[in-house]
Each structure stands twice: as structure tokens, then as C-alpha cells.
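What follows is each chain in one-letter form.
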Amino acid sequence: MVSDLKYEPIDFVLFGTKGDLARRKLLPSLYQLEKAGLLHDGTKVIGVARQDFSQTDYVELVKENIEKFSGDTLCKDTWTKFQARLDYVQVNLTDTASYTELCEHVDVERTMVCYFATAPSLFGDICKGMDNAGIIDDSVRVVLEKPIGQDLESSKAINDKVAEYFTEKQIYRIDHYLGKETVLNLIALRFANSIFATNWDHNCIDHVQISVAESVGIEGRWGYFDDAGQMRDMVQNHLLQILSLVAMEPPTTLDADSIRDEKLKVLKALRPINASNINEKSVRGQYSSGFVSGHEVPGYLEEEDANQKSRTETFVALKVEIDNWRWAGVPFYLRTGKRLPTKVSEIVIYFKRQPHNLFGASFSQLPPNKLVIRLQPEEGVEVTVMNKVPGLTSTGAMDLQKSKLDLSFSEEFADQRIADAYEKLLLEVMIGNQALFVRRDEVEQAWTWVDSIIKAWKSSSEGPEQYQAGTWGPVSSIGLLAKEGRSWYESKIKKKG
Ligand SMILES: NC(=O)C1=CN([C@@H]2O[C@H](COP(=O)(O)OP(=O)(O)OC[C@H]3O[C@@H](n4cnc5c(N)ncnc54)[C@H](OP(=O)(O)O)[C@@H]3O)[C@@H](O)[C@H]2O)C=CC1
Ligand SMILES: O=C1O[C@H](COP(=O)(O)O)[C@@H](O)[C@H](O)[C@H]1O
């Protein structure tokens, strides 16, 4: 298996190896790649943190976290192979001199992937420290976590800093939604199926809804989250990336820059939301205490470490317009929030209604066809169609019924495990493919658009509307669509949180 791998052995350096992201996602994902035979035999995983761990303690820490977060029981053979790759180096990331120790653990002759799983404020220090240790050359790839900055200005400053040491071709900006199977499938769905490709514009589509609902709260990350809010945490990156993939023109190829060029054009065509139209086009909310999946949960201001005066939004709903030929007059409604009733991400494409109803008896107005793309959970694609109810009638009338064509990934691909997004993305970095990573101009364009909304909110005397945890957000978010004769798609996924 390993001999078939099309990429070189890697020195994978994980800065911030003791952090939440590394423990919950990155180390378990590397382990899953091992299990799937996708790590090169010669690949090493070098954890970096400021603690004085012995090699044995570090290996134990990794094991504990893989057992806790990898989602299945530890496979002995996989673990034996994986632990042999592990190495640990103590570095204080803000102390340039302490990076020299790293030189002993990496081989500059090999490709090095450096994952910066730390706060972005440390990215510059890490680059400087690596440079000082003499371990930067053209073969190094760096992975940057989101959100990059707080706004356009701070994002530029971080990107400028990293650009002093690395070219754009070496920089992999992660948005883990781009590694989700169902988000990737958007490209296949749109461009491998003429049934959709030919109906994907203002002639056929009435509007689009993108909902990313979370049942979790802020999970002990109050300090981080309160500075960010749902707009920076989710909309600036994940939702705008999904929107770009739904709305972009066909790329010339699946190369990184062909796709990124098209996504960028969409971001540039987003109609600005600012003080003049903020109330008409946006709703923000903050959760109060309530019940999620039958459990009582505190309100945002009652969470640990909370500042009682915070006006940070935990819910956002937006009406987005794309000023280009394809999407003229087609609103995209976005909605995302914490402590909603369930975890579900869905894209719903509402097609235009038939111009005339031949079947008046069963429906006063024929309902529109809908394409529902279930990103998570219960990944799948569903099309609602009108169907004749079989049977004979004495009047000769034709009874219609709404039915669905439903493709469930877990049934259709029953023997395939759906890989975590980070597994896919880590593999792509090792292969050296930037197609699923975000280019600097995309990040900056997204900030430009988001900054304008945040600025308009800040200048308003009103704060976010309260919504009870376990509900679908503030009442005004219903009004956002209702005033245009529309309503949010009611997710059929009600299972778990
Ligand atoms: N957690 C998540 O689910 C997600 C996180 N992200 C992003 O990933 C990045 C990391 O987040 P997260 O893991 O949650 O953050 P954490 O705070 O949990 O982890 C950051 C790590 O950096 C280490 N660190 C901080 N300062 C230094 C220093 N001077 N020297 C050495 N190590 C240092 C910390 O070490 P120590 O343990 O010693 O304090 C900590 O282990 C952030 O940019 C975040 O926005 C993005 C998406 C999701
Ligand atoms: O990036 C982030 O994403 C998670 C949601 O990711 P998902 O894969 O579980 O849908 C979100 O909870 C977190 O606040 C944010 O930083």
C-alpha cells in the first residue's frame, strides 16, 4: 500500500500539539491516515509545545487523545506503527532562540509540513523562530488555521508577516469545511450532472438557503469566541466558502487556482451590507438559557468566564445578493448559530414554481422543486418532486403528492467510511495540492464584506436579539424570509446534538 503513495516522506511538525484542535482533530486524523495506509513509511510527526514532556509522556498524551477523540477503539497494529513516528520538541514559540532544538529533529533535505495550530498572533513568531533556526527553504509548507485575523487589517498584517518567509505556493490556509465530503461533492453534483448544470441560475432558481446549525455552545472557548462572534467564527470562512462553491462559474479545470479564481469572483460580487441596509438584510442573536436535546443549558452570558455586558452574536442570519449575471434577483439566505436544537448543515436550492397549475384539484399552487444537500449529519442529496398518486378515480382527476428522490451516502456507499475533513485536508497538504485551501485574496475579500456588516452592527444602538437555547434563533430571522413570502427549510434531521 505505502509504496503506491505518490508523495514523499514528510516531516510533519505540529506547533501547538497540546492544544484543543491538535488533540481533538489533528492527531486523531493523522492516526486515521495511518490506519488507511496513507502515511508514507518514512513520515515523522513532531509535536511542539512549551511543556517539558519526556518522549514517553508525549506518546501517552497522544494515545489518550486518540482513544478519546478518534471515534473508534484503538487498533493495536495501527498504534504501534503510529507511535513509532512520534517525536516531541519543547519550544517556547515566542522565544526565537529556543527553536534551535528543532534542527535536531527535522531533516531539511525532506519536505516539511508545519501546522500552526496556535492563535494567529503567534504565526509571525513561529516563522521568525524557524528562520532563525535555519530550517526554512522552498520545500517547507505551512498550514494556517482560521480565522486569520479579526478584520481585513489584522488579516493583512498576519499574511504579510508569513509572506516575509513563505511564498503563496507554500501557504495552506485551512477551512475545514472544504475537506468535508459533502462540500467537495458540490463540485461533482454541479459539474458532473447536466440536470443541475443547465438549471443553475436565475432562470430556474428562486432562492438558496444555507444553514449551519450547531447544538453546542462555546465549549469553554469564551475568551476566543467573545472576540470573534459567529460572524467571524463561521460566516467569514465556512459559510462564505460554501456559498462560493454553490454560486461560482465552472472552473476551467480542478486545479487550485482555477477553482480559487472562480470563488474569488463570487466574493467580489457580493452586494455590500452596511449601515444603509443592515436592518433589512441581517439578524443577529445571542442565546439565553434553555434546553437542548432535553438538557438544561446556560445562556451565553452565564457561561464560564463570561462578561455580563457582552453584545457578541452567537447567531447570524443574512440575506445575501450576488451582483452578477447568473444570480441577478436570486437571494441567498444564510443562517448559523450556536445552541440551536440540533447540529445540521444543509443547502437548499428552491427552484422556481411552474408557471401554471394544470392539477388544481390537489394543490392551489404547485410547490416548488427543492434540491436539499445534506452536508452533515446523514450526508446525502434529496430532490423533492411532484408525483401522481397511483390509482383510479371516478372523476378522472389526477391526485398529486410531494415525494422525494433521496440519496443517502451511508446507504449508497455503505462500505465506505466518511473521513473527517481534517483527514482529507492533511492528506492534501502532504500531497502538495492547494485546491482545497483558501488563497490570500479570497480571505481578504471575505473580510472586506464581513467588516462592513460588523461595522454597521457596532454603530447600532441595538444589541443582538435574545433567543432561547434550543430554538432556531431570534424571531426576526423568521421575519427575514417571511416578509418576502418565504420560510426557512425545516430540517428533517432531528436526531442528535
Ligand atoms: N479548537 C478548535 O476546534 C478550532 C480551532 N481553530 C483554530 O486553531 C488554532 C488553535 O486553536 P486551539 O487548539 O483551540 O487553541 P488552544 O489554545 O487550545 O491551543 C493553542 C496551543 O498553543 C500553545 N501555545 C501558546 N503560546 C505558546 C508559546 N509561547 N509557546 C508554545 N506553545 C504555545 C498552547 O500551549 P499551552 O497548552 O502550553 O498553553 C496551546 O497548546 C486557533 O487559531 C483557532 O482559532 C480553528 C477551528 C476549530
Ligand atoms: O471552525 C469552527 O467550526 C466548528 C463547527 O465545525 P463542525 O465541523 O463541527 O461543523 C465550530 O463549532 C467552531 O466554533 C468553529 O471555530
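Residues numbered from 1 in each chain as written. Chains lettered and ligands numbered in written order. Predicted model: local features only at pLDDT ≥ 70, side-chain atom pairs only at ≥ 80, totals over all residues. Heavy atoms only, no water.

Draft legend 1. The arrangement of the overall build of the chain in detail. When helices and strands are tallied, the chain shows 15 helices and 17 strands. Relative to its length of 497 residues, the chain is compact, with a C-alpha radius of gyration of 24 Å against a globular reference of 23 Å. C-alpha atoms of the chain, sized along the principal axes, occupy 85 × 55 × 45 Å. Burial analysis of the chain (497 residues in total) assigns 53% to the buried set. Sequence-distant contacts in the chain: of pairs separated by 6 or more residues, those separated by 24 or more amount to 78%. (Helix = DSSP H or I, 4+ residues; strand = E, 2+ residues; numbered from the N terminus. Rg over C-alpha atoms; globule rule 2.2 N^0.38 Å. Buried < 20%, exposed > 50% of the residue type's maximum accessible area, 1.4 Å probe, protein only. Contact = heavy atoms within 4.5 Å.)

Draft legend 2. Spotlight on the site of ligand 1. Near ligand 1 you find 21 residues, and of these Asp20, Leu21, Arg24, Leu93 and Thr118 are the closest. The contact in question runs from an oxygen atom of ligand 1 to an N or O atom on the side chain of Lys18, over 3.5 Å. Taking Lys146, its main chain carries an N or O atom lying 3.1 Å from an oxygen atom of ligand 1. Coverage of ligand 1 by the protein amounts to 79% of the 880 Å² it exposes when considered alone. For the shell around ligand 1, the residue count by class is eight nonpolar, six polar and seven charged. (Near = heavy atom within 4 Å. Polar contact = N/O pair within 3.5 Å; in protein donor to acceptor, adjacent residues only side chain to side chain. Areas by Shrake-Rupley, 256 points an atom, 1.4 Å probe, with all protein chains shown as cover. Nonpolar A, V, L, I, M, F, W, Y, C, P; charged D, E, K, R; others polar.)

Draft legend 3. Spatial organisation of the sheet that holds strand β5 (residues 140–144). With parallel pairing, the six strands of this open sheet are ordered in space as β3-β2-β1-β4-β5-β6. Taken across any chain shown, the strands that pair with only one partner, and hence form the sheet edges, are β3 (86–90) and β6 (171–173). Geometrically, the sheet is characterised by an average inter-axis angle of 20° between neighbouring strands, direction not taken into account. Judged from the five bridges that link them, strand β2 (residues 44–49) and β3 form a sheet pairing that is parallel. Bridging across to β3, Ile46 finds its partner in Asp87. Sheet contacts for helix α2 (residues 55–69): β2 and β3; angle to β3, the most-contacted strand, approximately 115°. (Pairing = 2+ DSSP bridges. Axes fitted to C-alpha atoms, helices over the stretch in contact; angles between N-to-C directions.)

Draft legend 4. Broad picture of the sheet that holds strand β14 (residues 370–376). Reading across from one edge, β16-β15-β14-β13-β7-β12-β11-β8-β17 is the order of the nine strands in this open sheet, with mixed pairing throughout. Edge positions in the sheet fall to β16 (400–408) and β17 (465–468), since each of these pairs with one other strand and no more. Neighbour to neighbour, the strand axes of the sheet diverge by 20° on average, direction disregarded. Both strand β8 (residues 282–288) and β17 contribute to a ladder of four bridges, which runs parallel. Its bridge partner lying in β17, Ser288 is registered against Gln468. On top of the sheet, helix α14 (residues 440–459) reaches β8 and β11 (315–320); it is set at about 115° to β11, its chief contact.

Draft legend 5. Local environment of the UniProt feature "binding site: substrate" (unreviewed entry) in the chain. What UniProt calls "binding site: substrate" (unreviewed entry) maps, in this numbering, to His176, Lys180, Glu214, Asp233, Lys338 and Lys343. Mapped onto the secondary structure, Glu214 falls in the loop between β7 (205–213) and α9 (222–247). For Glu214, the side chain forms a polar contact with the side chain of Gln230, separated by 3.4 Å. If you trace the backbone, Lys338 turns up in the loop between β12 (332–337) and β13 (344–351). In this structure Lys338 touches Glu214, Val216, Gly217, Ile218, Phe225, Gln230, Asp233, Met234, Tyr287, Thr314 and Tyr467, once residues within four positions along its chain are discounted. A distance of 2.5 Å separates a polar atom in the side chain of Lys338 from a polar atom in the side chain of Glu214. (UniProt positions renumbered as here; feature names shortened; annotations may be inferred.)

Draft legend 6. Local environment of the pattern of salt bridges. What the rule picks out here adds up to 32 salt bridges. Arg439 is the salt-bridge partner of Asp257, the closest N and O atoms lying 2.8 Å from each other. Of the two residues, Asp257 is situated in helix α10 (residues 256–268) and Arg439 in the loop between α13 (421–431) and α14; the sequence distance between them amounts to 182 residues. Residue classification places Arg439 among the buried residues on the basis of a relative accessible area of 11%. Between Lys424 and Glu428 there is a salt bridge; the shortest N-O distance is 3.2 Å. (Salt bridge = Lys/Arg side-chain N within 4 Å of Asp/Glu carboxyl O.)

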